[in-house]
Amino acid sequence: MTVNHQKNKPASSYESEYMDTLRTLFNENSQIEAIRYFLNTTYLYFKQEKMVRRKPEVIVMGTSIPEELIYAAGAKPFWILGGSLGTVAWSDDLVPRDTDPVSRSMLGFLLNDHFDLGAEALIIVPITCDSSRKMAYLLSAAGKKVVTVDIPPEKSDPLAGLKWRGQMELLAEKLTDHTGRRLSKKNLVQATQLVETARKLMRDFIQVCRQKEGLISGALRMAVLNSYYYTADLKGWCGHLRKLNLELLANRQVISAAEQSKPKILLMGSPVVLPNYKIPFLIGDIGLQIGATLDSSIQKIYASSTQHKASKRDPFTAIIESHYRYDCSAAYAQNEMFYQSACWHLEQGGIEGVVFHVLKGQIEYDFELERFEQLFGQEAIPVFRLETDYQYQDVEQLRIRMEAFMEMLAHHRYREEKRAV
Amino acid sequence: MSLIYNKKTNQENNHESNTKPPTTMEERQRQRFVDKATKVSAKYLRRLEELNGAPETMQPFFKVLKDIYVDMKNVEKPADTKIVGTYCVMVPDELIYAVGAQPVKLCSGSYTAFAIGDDLVPRDACPLIKAVMGFQAMEVMPIYDDCALMVVPITCDCKKKMVGMLKERVPTYSLHVPTAKSDDTDMEQYVQELYQLIPELEKVTGQTISYQSLAKSIDQMGFAQYQMSKFNTYKKHVPALIKGTHAMALMNAFSYMPVEQWSQQLHLLNQELARRKKDKHYVSKDKQPRIMVTGSPIIFPNIKIPLLIEETGGILVGDETCMGERSLYDPTVVVDQSFDGLMRSLANRYTRPCTCPTFVDNSQRIYRIKQMIADHQVQGVVYHVLRGCLVYDFEYQTLEDELGKLGVPVIRVESDYNEEDIEQLRIRIEAFIELIKLKDLALRPKKPEIAG
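Residues numbered from 1 in each chain as written. Chains lettered and ligands numbered in written order. Predicted model: local features only at pLDDT ≥ 70, side-chain atom pairs only at ≥ 80, totals over all residues. Heavy atoms only, no water.

J.: In this structure, what is going on with the confidence of the model for chain A? I would like to understand it.
T.: Predicted coordinates in regions of low pLDDT should not be interpreted in detail. Residues of chain A with pLDDT of at least 70 account for 96%, and the chain-wide mean is 91. Contacts of residues 1-8 of chain A to residues separated by more than four positions or lying in other chains number 20 contacts, the stretch itself having pLDDT below 50. (pLDDT = per-residue confidence, 0-100. Contact = heavy atoms within 4.5 Å.)

J.: What is the right way to look at the packing of aromatic side chains in this model?
T.: By convention here, two paired aromatic rings are described through the distance between centres and the angle between planes. Residues and elements named next belong to chain A. This model, assessed by the stated rule, comprises 38 aromatic pairs over all chains. Judged by centre distance (6.2 Å) and plane angle (80°), the ring pair of Y14 and F109 falls under edge-to-face. One end of the pair, Y14, is in helix α1 (residues 11-28); the other, F109, is in helix α6 (residues 101-110), and 95 residues separate them in sequence. Taking relative accessible area as the criterion, F109 reaches 1% and is therefore assigned buried. Seen in terms of ring centroids, Y18 and Y43 are 6.2 Å apart; in terms of plane orientation they differ by 55°. Their pairing is tilted. Of the two residues, Y18 is situated in helix α1 and Y43 in helix α2 (residues 35-46); the sequence distance between them amounts to 25 residues. (Phe/Tyr/Trp six-rings, centres within 6.5 Å; stacked < 30°, edge-to-face > 60°. Helix = DSSP H or I, 4+ residues; strand = E, 2+ residues; numbered from the N terminus. Buried < 20%, exposed > 50% of the residue type's maximum accessible area, 1.4 Å probe, protein only.)

J.: Quick question: what am I supposed to make of the interface of chain B and chain A here?
T.: Interfaces are frequently sized by the accessible area removed from exposure as the parts join. The interface of chain B with chain A comprises 44 residues on the first partner and 43 residues on the second. If you sort the residues of chain B by the area they bury against chain A, K161, V360 and F394 of chain B come out on top, with a joint share of 21%. Where chain B packs against chain A, one counts six salt bridges. A salt bridge links K163 of chain A to E193 of chain B, with the shortest nitrogen-to-oxygen separation between them at 2.2 Å. Taken together, the connections running from chain B to chain A amount to 20 residue pairs in polar contact (both at pLDDT 80 or more). (Buried area = accessible area lost by both parts, 1.4 Å probe. Salt bridge = Lys/Arg side-chain N within 4 Å of Asp/Glu carboxyl O. Polar contact = N/O pair within 3.5 Å; in protein donor to acceptor, adjacent residues only side chain to side chain.)

J.: Got a minute to help me understand the pattern of salt bridges in this structure?
T.: Opposite charge on two side chains permits pairing when their charged atoms draw close. In total, this model carries 55 salt bridges over all chains according to the counting rule given. Where E33 of chain A meets R36 of chain A, a salt bridge forms, and the shortest distance between an N and an O atom there is 3.3 Å. Relative accessible area serves as the criterion here: at 42%, R36 of chain A is assigned to the partly exposed category. K235 of chain B is paired through a salt bridge with E325 of chain B; the nearest N and O atoms lie 2.8 Å apart.

J.: Honestly, the confidence of the model for chain B in this entry has me stumped. Any pointers?
T.: Residue and element names in this part refer to chain B. Residue-level pLDDT values for chain B average 91, and 93% of them are 70 or greater. Long-range and interchain partners of residues 1-17, a stretch whose pLDDT sits below 50, account for 37 contacts in this model, where long-range means more than four residues apart. Under the prediction, the complex receives an ipTM of 0.90, its pTM being 0.92.

J.: Help me out: how do you make sense of the sheet that holds strand β6 (residues 289-294) of chain A in this one?
T.: To summarise the sheet geometry, strands pair through backbone hydrogen bonds and adopt either a parallel or an antiparallel arrangement. All names here are of chain A. Judged by pairing direction, the sheet is parallel, and its four strands sit side by side in the order β6-β5-β7-β8 without closing on themselves. Because the sheet does not close on itself, it has two edges, and the strands there are β6 and β8 (383-388). The sheet shows a mean angle of 25° between the axes of neighbouring strands, direction not considered. Note: strand β5 (residues 264-269) against strand β7 (residues 353-359), five bridges, orientation parallel. Directly across from L266, in β7, lies its bridge partner V354. Packed on one face of the sheet, helix α10 (residues 218-226) meets β5 and β6 and runs near 30° to β6. Together, β5 and β6 form the strand contacts of helix α16 (residues 336-348), whose direction differs from that of β6 by roughly 150°. (Pairing = 2+ DSSP bridges. Axes fitted to C-alpha atoms, helices over the stretch in contact; angles between N-to-C directions.)

J.: Help me understand the packing of helix α15 (residues 363-376) of chain B against helix α16 (residues 390-406) of chain B in this model?
T.: When two helices pack together, their arrangement is given by the angle between their axes and by how far apart the axes lie. Residues and elements named next belong to chain B. Axis separation between α15 and α16 bottoms out at 10 Å; the angle between their running directions is 45°. One finds that α15 runs oblique with respect to α16. Crossing hand, α15 versus α16: right-handed. The segment α15 lies against α16, with R365, I366, I369, K370 and I373 engaging Y392, E395, T398, L399, E402, L403 and L406. (Parallel < 35°, antiparallel > 145°, perpendicular 65-115°, else oblique. Left-handed = near helix turned anticlockwise from the far one by under 90°.)

J.: Help me out: how do you make sense of the state of the cysteines in this one?
T.: By definition, a disulfide is the covalent link that joins the sulfur atoms of two cysteine residues. Per the stated rule, a full pass over the model turns up zero disulfides over all chains. C129 of chain A forms no disulfide, and the closest cysteine sulfur to it belongs to C156 of chain B, at a distance of 12 Å. A disulfide-free cysteine, C354 of chain B has its sulfur positioned 5.2 Å from the sulfur of C356 of chain B, the nearest such atom. What makes C354 of chain B buried here is its relative accessible area of 0%. (Disulfide = S-S within 2.5 Å.)

J.: So what exactly am I meant to see when it comes to the side chain of E364 of chain A here?
T.: Tracing the backbone through its elements, the reader meets E364 of chain A in helix α17 (residues 363-377). Despite its burial, E364 of chain A remains without a salt bridge, the nearest opposite charge being carried by K160 of chain B at 4.3 Å. Excluding its chain neighbours within four sequence positions, the residues that come into contact with E364 of chain A are T128, C129 and A330 of chain A together with D157, K160 and K161 of chain B. (Lys, Arg positive; Asp, Glu negative; His and termini not counted.)

J.: It is not clear to me how the environment of L328 of chain B should be interpreted in this structure. Could you clarify?
T.: Residue and element names in this part refer to chain B. Looking at where L328 falls in the secondary structure, it is placed in the loop between β6 (315-320) and α14 (339-351). A relative accessible area of 4% places L328 in the buried class. Remark: the alpha-carbon pair of L328 and Y350, spanning 22 residues in sequence, is separated by 9.7 Å.

J.: Explanation requested: the pairing of strand β3 (residues 122-127) of chain A in the structure shown.
T.: Regular strands place side chains that alternate from one sheet face to the opposite one. All names here are of chain A. With respect to burial, β3 is a largely interior element, six of its six residues being buried. Taking every second residue as pointing to the same face, both faces of β3 are buried, with L122, I124 and P126 on one and I123, V125 and I127 on the other. For strand β1 (residues 58-61) and β3, the ladder comprises three bridges, and the chain directions are parallel. Directly across from I59, in β3, lies its bridge partner I123. The pairing of β3 with strand β4 (residues 145-150) spans six bridges and is parallel.

So this is what it looks like as C-alpha cells:
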C-alpha cells in the first residue's frame, strides 16, 4: 500500500479543474451579483493553499449522516463528496480498477502527498456501498481516526429504526469523545434550527428558480446547492442565499422565449458533485434545460426534522428519524424514497425527458434503472441512461448521444403539439 | 426482461422433450437453455472424474452434482420437506434444520444461466448474481423453483440489490450482516437478526424451533465440521492424498446434500484417505508446486481455475473461499446451555471467524491465509477475482504486500463465467507454476560436483 506515493500527479490538474468549472459557471451567469459568494465559497473550499492549512475537526464522507449531530457536538462538518478528477488520480494506486470515481476521489482527498486533511479529524464513513466499507479500512490502516456508520439496508425491516438509532447513538458518543462537547437537548435544538434554516432556504431557492425559469442555468442552480457542503460559515451562507433568492425574485430581466422553450429534463441517479460538472454543462450546451435534479444530496433538503412529532420533546430522535426516512443514498436494497421522489417530480409535470446519470462502478443506480424506465414510460417520458466517469475524454461521444436524445425530445414535442392541434 | 415463463417441473420438461418437440418459441428457448446448461455441467463433471486420483468414496459427491446440474433434479430429501435457499456463509443452516427444512445454497456458477442473467441485471454486476437471476428467470432448476423461502445476507452491493429483485418474484428474507464484528454491539445486532429470522423460517414449515431441535441440528453440523477438520488434516499431507479440485467438488456438494448424509460420506472419504496415507498412495509428486486459491467463490460448474491449476502441474492444497473451507470452519461453541445461549453461539460462529470481505476490518483474512500457507506448506497463491467482485479486488493489494514479505508468490486472475478466457488463464497459471518450480529449484541445496 503506497499511501503517499511519489508518483502522485501534480496538483495543477486538481486546481485547474475546479477553476475551469467555476469560471464557466461565472461566465454563464455573471449578471447575477449574489452568485459570486457561492462560487467564492466553493473556490475557497477547493483552493489547495487552504487545503494545506486546513485541519478539520470532523470529516464526513458523503451525505448520509445527519449533520445536526456534528453541529450539536460543537464541530463543523467538513464534507468530502468526491467530484474531483485530480484527486481520482491521487488514489489510483490504492484502489482496484473498477472502483467508482466518487470513492476514488474521496480517498484521494484524504490520502495524498499534497495535504493531510485527516490529520486531526474524526472521519465519519457511512457504509453505503462496497467501496465505502473498504475505503474505511484503508483510511484506518493509514492511521486515520475513522468511525463507520452501518446503515440498515432495508427500511421495511422492523428492526431498521432500532439499528439506525443504535448506530447514531454510537456516533454521538464518538463525536462527544472527540470534541469534548455533549449532545445536549439545547445543542441539538440549536443545530436543528441552523440546518433547518439552510434547508428551508434551499427549498425556497428551488422554488424561486422554478418561478424564474431560465434566469440562471441548471448547472449554477446545482452549484449553489452544492456550496452548502463547502461552506465553513453556515449562518453567513444562509444570509447570502436569502439575498440571492430575493435578487432572483426582484430580477426583471426578460427571459427570451427560446430560453424558456428549451426541453426540460430531470437529471437523476449518481450525484453530480463539483467540480466535475461535465454533465450539467453538456446538457446546457446542447440546448436542454435541467428542470430538476434528483439525487441523495438534493433529497436531503426535504428532511425537515422540525416537522417531526418528537422535534420538541426529543430532538435527537427527530433528527435521526427524519434523516433516515429521507435518505435515498445507494445504501438500500429497495430505494423507495428515491422512487417516491421520482414519482413526485412526475406529478409536478413539466419534465419531458430523464437523464439517468450512472457513474461507472456505481452499480446500485444501474440496478434501479429498470424501475424508473417503467415509471416514466407510463407517461411516455423517455429515459436516457448516461454512463460516464470523471474523465473528460468521453465528452464528445456523450455530446453526440445527448444530441440524439434532444432530437428525440424535440420530435416528441412536435408530435404532441400536432396531436393537440 | 420478459423471461419469466410459465412454471413447469423438470419432470414435465424432460417428459415433453422425450415425447414431443417444444412448440412455442419460449419453450424452444428454454429447451436450448436446459440442453446447453446440462452439457456444460456434464463436461466439467467429466473433467472432474477424469482428473486422476479421485478416491472411490468421492462418487456420491459427484452424483449429487450430476443430479442437480446435469439431471436437474431436486435435492434428496424426505417428502414434504421444504427447501430454504441460502446465499453466502452467514445463514445458519442449524436454524433451517431445526424447523425441519432443508437448506440449499443457491450461489451459482453456471455459464448458461449467467448468459441469461446478463440481460436481467446491469452489465457490471458480478457473474454469480447474473447466474442466480438467470436460473430464477428460466425456471428450470428445481432447487430454485421449489424454494419456500430465500434467505439472502446482505454482504455486498450486488447481493443487496439482488434482494430487491428477488423480493418481486419469490418469498425472500434479507439478513443484515453487520459491517464490523469485533464489538459486542455488533454481535448483539446479529443475534437479534437471527431471532427475527426464526418466525420467518417457522412459517415455512409450520414447526417451531425448540431447544431440542436446535441443539440437535447444532450437533449435526458439529459432526460435519469435525469430519471437515479431519479431512483438512489429510489435505495438509505432503505429498497430497487428494486433489484440491476434488476437495472443492465435495465442498460444493455440501450445498445440495442433507448434512447427515454429507458428513457420513465425508467420514468414509476420510477413512479412504487414512488408508491412502498408510499405503503411501499419493496423488502428487514430492516436488509438485503446492498452490492455494483464495478470493471470489468457485462454484460448480465454474471450476476452471482449480482444474487449470491441477492440469498444468500444480497441486491445489488449500482454498480460502466461501464455497470452500470457509463455509465449514470452527464448530459452534456453546458456552451457555440455554436457548439464548445457542442463538448467541450461532451468531458468533457465523460472523466472528468469518473472513468475508463484507467486514470493514478484514485483516483476520490475512492471518487466516498466512496460517493456511504455513499449515498446508503452500508455495504459491492464486487470487481469484470474479469480474465485478469489488470487495475481493480491494483486498488483493494488502494480501500481495503481506505475502511479498513472506516470499510467497501470488497471482491475481480475473475471470468471468465463460470459457473464452480459459487459454489465456492457462498460459498465466502455467507460467506461475513454472516460476514456483524454478524458485524451488534455486532454493534447493546444490549437490556437490564430483571431480573428474
